Amino acid sequence: MTDFDGLVAVVTGGGSGIGAAVADLLAERGARVAVLDRDPGSGGPHLRLAADVTGPLEATMDRAAALLGGLDVLVNCAAISAVGTVESSSDDEWHRCLDVNVVGVARACRAALPHLRRSTGGVIVNVTSIAATAGLVERAVYSATKGAVHALSLAMAADLVRDGVRVCTVAPGTVDTPWVARLLASAEDPVAEKHRLAARQPTGRLVTAAEVAHAVAFLASPLSGATTGTALAVDGGMSGLRLIR
């Protein structure tokens, strides 16, 4: 499939996990891709630029657009996790996660929008989480940040629809990534914890990064030009199904 032929995509957090899977899939489908990450990696077909979403991104976004010939798609994957309740989470943890997960998305969008408006079909896809709309144990800070990005995406979709820029979100369940592996490693019994995370999704398994990437590509594709303000769950049915065991 070559629906992204001639298009340029920027993927924040594209150095690993979901972001890397998104970058690879968009390139496979014809896009020229810039990976923005604190550790963007090396090799492969992508333009790799070191960037930190906790600071200004205009210069980096401008450079990506200049080197690749414009910008049509922005995918915001950069994020960090937090474990804890409202009581156990410090102010520093709140500020750290909000700065990366929420303000970082806003910074990337702000830097990309001058280029996206010049595209014939600019699109932003923000990766949120099932945690944006479902109450999860000991995920107070993380859930709040992902809920904020969900609301932010709807607001941006309304603001930008007349500019020809679409904004959508993909909300994964628990994805089998290095990020989740690090969380599991800190558990008392990592094997039991992985089984527990898999079991809470009706499919009985973790989501793969490739499955999330395909959802992102669906929304970002020019073939989905009538889709904006949409949140697509990729969560093994967790958000909508209630199975009788």
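Every chain's residues receive numbers from 1 upward, in the order its sequence appears when written. Given that the model is predicted, a residue must reach a pLDDT of at least 70 before its local features are reported, and side-chain atom pairs must reach 80 or more before they are shown or counted; all residues, however, enter totals for whole chains, interfaces and linings. Where side-chain values are given, they derive from all heavy atoms of the structure, hydrogens and water being excluded.

(A) Inspection of the overall build of the protein at higher detail. Strands here mean DSSP runs of E at least two residues long; helices mean DSSP runs of H or I at least four residues long; both are numbered from the N terminus. A count of helices and strands for the protein gives seven helices and seven strands. The helix and strand sequence of the protein, counted from the amino end, reads β-α-β-β-α-β-α-β-α-β-α-α-α-β. Each radius of gyration reported is based on C-alpha atoms, and the globular scaling rule is 2.2 Å times the count of residues to the power 0.38. For 245 residues, the compact-globule formula gives about 18 Å, and the C-alpha radius of gyration of the protein, at 17 Å, lands near that figure. Dimensions of the protein, computed from C-alpha atoms along their principal axes, come out at roughly 50 × 40 × 40 Å. Counting every position in the protein, which comprises 245 residues, the buried fraction comes to 51%. We call two residues contacting when some pair of their heavy atoms lies within 4.5 Å. Within the protein, counting contacts between residues at least 6 apart in sequence, those at least 24 apart form 70% of the total. For the exposure calls, accessible area comes from a 1.4 Å probe over protein chains only, and a residue counts as buried if that area is under 20% of its type's maximum, exposed if over 50%, partly exposed in between.

(B) Fine view of the environment of Glu 28. One can find Glu 28 in helix H1 (residues 17-28). Overall, the relative accessible area of 63% leaves Glu 28 in the exposed class. The spatial distance from the C-alpha of Glu 28 to the C-alpha of Asp 5 is 9.7 Å, given a sequence separation of 23 residues.

(C) Quick look at unusual backbone geometry. With phi around 55°, Glu 138 is a residue other than glycine that occupies positive phi space. Mapped onto the elements, Glu 138 comes out in the loop between strand S5 (123-127) and helix H4 (140-160). The class for Glu 138 is partly exposed, based on a relative accessible area of 42%.

(D) A look at the packing of helix H2 (residues 58-68) against helix H3 (residues 91-118). Fitted lines through C-alpha atoms serve as axes, helices being fitted only where they are in contact, and the angles separating the N-to-C directions of these axes extend from 0 to 180 degrees. It is at 9 Å that the axes of H2 and H3 come closest, and there the two elements cross at 35°. Classified by chirality, the crossing of H3 by H2 is right-handed. In contact with Glu 58, Met 61, Asp 62 and Ala 65 of H2, H3 contributes Ala 108, Arg 110, Ala 111, Ala 112 and His 115. Two helices crossing with the near one rotated counterclockwise from the far one by less than a right angle form a left-handed crossing, whereas a clockwise rotation gives a right-handed crossing.

(E) Just the packing of H3 against H4, in detail. Running from amino to carboxyl end, H3 crosses H4 at an angle of 20°, the nearest separation of the two axes being 9 Å. Between H3 and H4, the angle falls in the class roughly parallel. Every pair of crossing elements has a handedness; the one defined by H3 and H4 is right-handed. Here Glu 93, Trp 94, Cys 97, Leu 98, Asn 101, Val 102, Val 105, Cys 109, Leu 113 and Arg 117 of H3 come into contact with H4, specifically with Ala 140, Val 141, Tyr 142, Ala 144, Thr 145, Ala 148, Val 149, Leu 152, Met 156 and Leu 160. Just so you know the grouping, Ala, Val, Leu, Ile, Met, Phe, Trp, Tyr, Cys and Pro go in nonpolar, Asp, Glu, Lys and Arg go in charged, and all remaining residues, Gly too, go in polar. In terms of residue class, the contact of H3 with H4 is made up of 16 nonpolar, two polar and two charged. An angle below 35 degrees is read as roughly parallel, one above 145 as roughly antiparallel, one from 65 to 115 as roughly perpendicular, and any other as oblique.

(F) Molecular detail of the pattern of salt bridges. Only one rule defines a salt bridge in this text: a Lys or Arg side-chain nitrogen within 4 Å of an Asp or Glu carboxyl oxygen. Following the criterion strictly, the structure yields seven salt bridges and no others. One salt bridge in this structure joins Arg 96 and Glu 93, with 3.1 Å as the shortest N-O distance. Of this pair, Arg 96 and Glu 93 both sit in helix H3, three residues apart, which is roughly one turn of the helix. Look at Arg 96 and you get partly exposed, because its relative accessible area is 40%. Between Arg 117 and Asp 163 there is a salt bridge, with the nearest N and O atoms lying 2.9 Å from each other. Taken as a pair, Arg 117 in helix H3 and Asp 163 in the loop between H4 and strand S6 (166-172) lie far apart in primary sequence, 46 residues in all. By relative accessible area, which is 42% here, Arg 117 ends up partly exposed. Overall, Asp 163 belongs to the partly exposed group, its relative accessible area being 35%.

(G) Quick peek at the nonpolar core. Note on terminology: a nonpolar core comprises buried Ala, Val, Leu, Ile, Met, Phe, Trp, Tyr and Cys residues joined through side-chain atoms within 4.5 Å. If you look at the biggest cluster of nonpolar residues, it comprises 36 residues, and the most contacted ones within it are Val 10, Met 61, Leu 71, Leu 74, Leu 116 and Ile 124. Put simply, the parts of the chain that give this core at least two residues each are strand S1 (8-12), strand S2 (32-37), strand S3 (47-50), H2, H3 and H4. For this core, the element with the highest residue contribution is H3, accounting for 10 residues. If sequence neighbours within four positions are ignored, Met 61 has contacts with Val 10, Leu 36, Leu 71, Leu 74, Ala 108, Ala 111, Ala 112 and His 115. Of all hydrophobic cores here, the second largest spans 32 residues; its members include Val 123, Ala 213, Leu 219 and Val 234.

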